Amino acid sequence: MSNHEPPGHPSAVAVGTGAAPGRGAGPARAAARLLASETALTFRRPRHLAMLGVLAVVPVLIGVAVRLVAGDGDTGSIVAQVAGNGLVLTFTAFFVMLPLALPLAVSVVAGDAVAGEASQGTLRYLLTAPAGRGRLLALKYANVVLFCLASCTLVAVSALVAGLALFPAGPVTLLSGTTVPFAEALLRAGVAVLYASAGMAALGALALAFSTLTENPVGAISATVVLVVVSEVLAAIPQLSALRPFLLTSWWNAFDGVLRAPMDTGRMGTGLLVFAGYGVISGAFAWARFTSRDVTS
Amino acid sequence: MNTATRAGESIAAPPSLPDKNATVNASENTPENAIVTAGLTKRFRGGQVAVDDLNLTVPRGSVFGFLGPNGSGKTTTIRMLLGLVTPTSGACSVLGEPMPAGIARALPRVGALVEGPAFYPYLSGEANLRRFDAADPRSDPRTVTRRVGEALDRVGLGAAAGKRYRAYSLGMRHRLAIAATLLGPRELLILDEPTNGLDPQGTREVRALIKEVAADGTTVFVSSHLLSEVEQMCTHVGVMRTGRLVAQGPIAELSAGTAPVVRVETSDAAGAAAVLARLGLNGAAQAGTTQAGATQAGGVATAELGDALPERICAALVDEGVAVRGFAVVRPSLEDVYVRLTGEGFDVES
Amino acid sequence: MRNGARAVKWGVPIAAVAVVAGVAAAGPVIAAVQGDPSLPDRTARELVADATRKWQSGQLPPMSGTIVQTASLGLPTLPVAGDVTSPIALLAGSHQAKVWYGGPAKVRLMVPGEMSETDLIVNGDQVWWWNSAANTATRVKGAPPDGKPEATPYASAITPQQAAEEALRAAGGDTEITVGKDATVAGRAAYEVVLTPKDAGSLIKDVRVALDGETLLPLRVQVYAKGTAEPAFEVGFDSVTFSPPAPENFAFTPPLGAKVEESTVPSFAHGPHGKDAIENAAPRVVGDGWDRVVVASVPERLTQDMAATADKAESWRGSNGVTSLTDGLLKSATPVRGEWGSGRLIRTKLVSVLLTDDGRLVAGAVTPEVLYAAAAQK
């Protein structure tokens, strides 16, 4: 274990309790272990569980509301579509929740990732463990990505269950007027989940970068949320329409490309590139900041 | 006497290394030393110098007391040793590894407690330890249950292992933090104020634990602003004052500065001083007392006792015809030395 | 040394920004590196003649592509609750559409909205107009045999093809036609035909039509207003592929549950906004060439709004795109009077609109003087 072990200091065995450090464990398994620990921490935290609960309830509420409105006869299209097919509720849920509800949840988790540990003081113990700064940041981001995937899947599944419970199922009419079998629509919903998760993961990278700048998690979280809201306001101003393609928020709703025939892969592909761009820049900033900063909390 | 002289020097002026900005001097960075720093300096962004040109040597197997008033730079030094804070200049090495470059190799062998306990309030004590164990890429997941259990038992938290950290008392929190430092086989424990805020009972327990760990051969580097604490458990000591190391060495040498002093009350102070000097008591020994050799002060002559026997001195004085009114061997406390090194009222110093 | 290492570290995010910016700007950069394309020289007359012959013969190659339409007319707009299916919304900002062209009898034009879509599908003798937001499929009867999208006024504003035909039609004898520098549009080398109005009364500096060097298909039309460097109106391909589109694109069956209607010309009345104010006007064209102006009767709602501009709360409540747009226009209108009467004038970079107090709307890409002249002839 130590090359410098001086003779007459049998200390290595002395203290702790004689576990040989896992030489055979390998860096990948050790990383998987820390990631599992991160994930357990995220999903065991009462605050996050409450948030996920809200995310799961919103699609149900939308479904119930549509059910109530749908009885009134001639109604708007989305309502009619959802009322006609339960699976459409999944897409409606994303349409409603992608602008704010999901970003809010992701900001809370990702903005807290580093700043929360710093404010709690646990960051210094993780680093002296030693978790390794770059390694810890990478695993924290992996955990954020998992959370994005989990929350988007949760919304989709909750909407699907509520939709199938409240409305009939069957072939789904796409936005283009084409009708596809239920199984294909389910597949398209899966693609929408992945796309939405990618969009949220880009926001998560941004929030993580903010998180490395401060020891106050609320600051990082609110900075991210403010950025989302400001982007959405900017995107709504016609004079600033030139800005729109560069805003992260403009690309989230491109998930509706899965509802077109043929699937609008062009726009979704551009969206993924934008997400990757945001992810790379935020990640690089977070890395530079986190690996060079003094941890004084 | 020779010993006293050397000790005095080493206390007064810590060994300074010739090349301050280079890496840790090769002769110091031997396996014999657990921690070596060379010209270690930290200047924070506001321009405030927290640690100034620190040359610290902590021998392996020692229990090193890192003494200094609050705000004297102890915690910043510890943070630099652990790679949490980047030094402005200078270098340090821990267990032979340069820091912060060698974090991954050095820190798995180091247990650290920095600025009090910090854990996840909504996790149990056991889950908290597992969490920090998972962060160490070198720890073995197969033995984690046993190691965590043993660490908890060792600090007497076995019964409270499943309780949420939120519900722990202050003493239990401290003990959990110490348990975290004992999760693996450690060659070095770095404990920053491990008894801060504990009641006397808790303090005693922590002290006993440190002694126990040290008895196993582990190097312990413990910072404190309380001399009494250090005095009771340390073999070596370093004293900080406003970011500078003002003394370091084996505690016996620091105590040497507190060599007993012969105090003679007499009407003929000059005569008494001469006698004391002739006996070899008032030589060049500078360390322990403020007076250089024997002086006359209002009919009082003093000198270091050294190896001499008090009864011989007394007899010699009488033989020489010095009228002795009072004769005493005074032993200044270690605290007197500490206060002299760190200044009065150290607790309010910046 | 240590500071150096830290500087190197911060170089990483800076490099990341540079790389991402580089990728984002890759198109223009590559174009710049390649330089302007150079096609065999052809005279303006030749190009226009060849192009019109090709279009009329219906021998356009099968293709599909994405069209981007951008308008910066300098309208004093307020945030428009952007619904791209409203033609008014096309007057501000940037909009996208996709086109699939398999032949004269196989055309699909798709305008995506957020969670909605509008399609015009021509398949043989069937012409369908699908609006997903209204869940309405309209079967267009009496469609022209060649089934070109010009059957809808909506489409005419949106494809470069139609815009180009419109521009060439407008260009009479009072137009100077020249060939500009070759351009690259949607990655293809294109001729640029520049139409410059000779009329002093026109607000248009020139109209530039980019024709694909190979197929002579119009790839882009730009309208420049006088005194501006950026086009006031632009419609062109963002990407284009010359290969036959999949046949599914042209197959349309109204989905179950959708309202199916029959109509001679698809109407916007089915849009979520209901009847548009503009539609109440029966327009009449006065003049010819570049100085053409449209004269229409002012929709009643506008007159009311003019009468009670103070009652802003009212108009805000009906905050659909059209209302807020017209509100913005009305606020910027300046009162004018002359021999023709009195009214309010709205000026933009490209278009002038005169609302007379006797309830007429006169509009055109012309100076106000031309509008006054048109207003004078009752």
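Residues numbered from 1 in each chain as written. Chains lettered and ligands numbered in written order. Predicted model: local features only at pLDDT ≥ 70, side-chain atom pairs only at ≥ 80, totals over all residues. Heavy atoms only, no water.

**So, the overall build of chain C**
Secondary structure assignment for chain C yields nine helices and 19 strands. A total of 378 residues make up chain C; the buried ones form 51% of that total. Taking as baseline every contact in chain C between residues at least 6 positions apart, the subset at least 24 positions apart corresponds to 56%. Roughly 17500 Å² of accessible area belongs to chain C as shown, and the carbon and sulfur atoms make up 57% of that amount. (Helix = DSSP H or I, 4+ residues; strand = E, 2+ residues; numbered from the N terminus. Buried < 20%, exposed > 50% of the residue type's maximum accessible area, 1.4 Å probe, protein only. Contact = heavy atoms within 4.5 Å. Areas by Shrake-Rupley, 256 points an atom, 1.4 Å probe, with all protein chains shown as cover.)

**Quick word on the confidence of the model for chain C**
Residue and element names in this part refer to chain C. Model confidence for chain C is summarised by a mean pLDDT of 74, while 70% of its residues fall at 70 or above. Within the model, the stretch residues 266–281 combines pLDDT values under 50 with 33 contacts to residues more than four positions away or in other chains. Overall fold confidence for the complex sits at a pTM of 0.80, while the interface term, ipTM, reaches 0.84. (pLDDT = per-residue confidence, 0-100.)

**Quick word on the interface of chain A and chain B**
Facing 48 residues of chain A, the contacting portion of chain B comprises 60 residues. Carbon and sulfur atoms supply 56% of the area buried between chain A and chain B, which totals about 4500 Å² over both sides. Scanning the region where chain A abuts chain B turns up four salt bridges. Put simply, chain A and chain B have 18 residue pairs in polar contact (both at pLDDT 80 or more) between them. Of all elements in the fold, only α1 (11–14), α2 (26–44), α6 (101–120), α7 (122–128), α8 (133–166) and α11 (265–292) of chain A reach the threshold of two or more residues within the side of chain A that touches chain B. Looking at the side of chain A that touches chain B, the element that brings in the most residues is α2(A), giving seven residues. Grouping the amino acids of the side of chain A that touches chain B by side-chain chemistry returns 20 nonpolar, 15 polar and 13 charged. (Buried area = accessible area lost by both parts, 1.4 Å probe. Salt bridge = Lys/Arg side-chain N within 4 Å of Asp/Glu carboxyl O. Polar contact = N/O pair within 3.5 Å; in protein donor to acceptor, adjacent residues only side chain to side chain. Nonpolar A, V, L, I, M, F, W, Y, C, P; charged D, E, K, R; others polar.)

**What about the packing of helix α5 (residues 88–97) of chain A against helix α9 (residues 182–213) of chain A?**
All names here are of chain A. Contact geometry for α5 and α9: axes closest at 10 Å, N-to-C directions at 20°. Here α9 runs roughly parallel to α5, going by the angle between their axes. Like other packed secondary-structure pairs, α5 and α9 cross with a definite hand, here left-handed. Contact with α5, carried on its side by Thr90, Phe91 and Phe94, involves Ala185, Arg188, Ala189, Ala192, Val193 and Ala196 of α9 and no other residues of that element. Of the residues that constitute the contact of α5 with α9, the class distribution is seven nonpolar, one polar and one charged. (Axes fitted to C-alpha atoms, helices over the stretch in contact; angles between N-to-C directions. Parallel < 35°, antiparallel > 145°, perpendicular 65-115°, else oblique. Left-handed = near helix turned anticlockwise from the far one by under 90°.)

**With respect to the sheet that holds strand β13 (residues 300–304) of chain B**
Residue and element names in this part refer to chain B. The antiparallel open sheet is built from three strands, whose spatial order is β13-β12-β14. Either end of the sheet is taken by a strand with one partner, and the two such strands are β13 and β14 (324–330). With direction set aside, neighbouring strand axes in the sheet form an average angle of 15°. The pairing of strand β12 (residues 261–266) with β13 spans five bridges and is classified as antiparallel. Residue pairing across strands places glutamate 265 opposite valine 300, the latter belonging to β13. Together, β12 and β14 form the strand contacts of helix α11 (residues 310–319), whose direction differs from that of β14 by roughly 160°. (Pairing = 2+ DSSP bridges.)

**As for the side chain of Arg79(B)**
By secondary structure assignment, the location of Arg79(B) is in helix α2 (residues 74–81). Assessed through its relative accessible area of 3%, Arg79(B) is described here as buried. With sequence-adjacent residues up to four places away left out, Arg79(B) is seen in contact with Arg124(A), Val295(A), Thr296(A), Ser297(A), Leu84(B), Val85(B), Val114(B) and Glu115(B).

**Let's talk about the pairing of strand β9 (residues 219–224) of chain B**
All names here are of chain B. The buried fraction of β9 is high, at six of six residues. Burial of β9 is two-sided: the residues Thr219, Phe221 and Ser223 facing one way and the residues Val220, Val222 and Ser224 facing the other way are all buried. By the bridge criterion, five bridges tie strand β4 (residues 63–67) to β9 in an arrangement that is parallel. The partner of valine 63 across the bridge, within β9, is valine 220. Pairing between strand β8 (residues 188–192) and β9: five bridges, direction parallel. Following the sheet pairing, aspartate 192 is matched in β9 by serine 223. A crossover links β8 with its parallel partner β9, the connecting element being helix α7 (residues 200–215), and its sense is right-handed. (Right-handed = clockwise from strand over helix to strand, strands pointing away.)

**Points about the environment of Gly243(B)**
All names here are of chain B. With respect to the helices and strands, glycine 243 occurs in the loop between β10 (236–241) and β11 (244–250). Put simply, glycine 243 and glycine 68 are 175 residues apart on the chain and 9.3 Å apart in space, counted from C-alpha to C-alpha. The residues touching glycine 243, leaving out its near neighbours within four places in the chain, are Ala50, Val51, Asp52 and Ser72.

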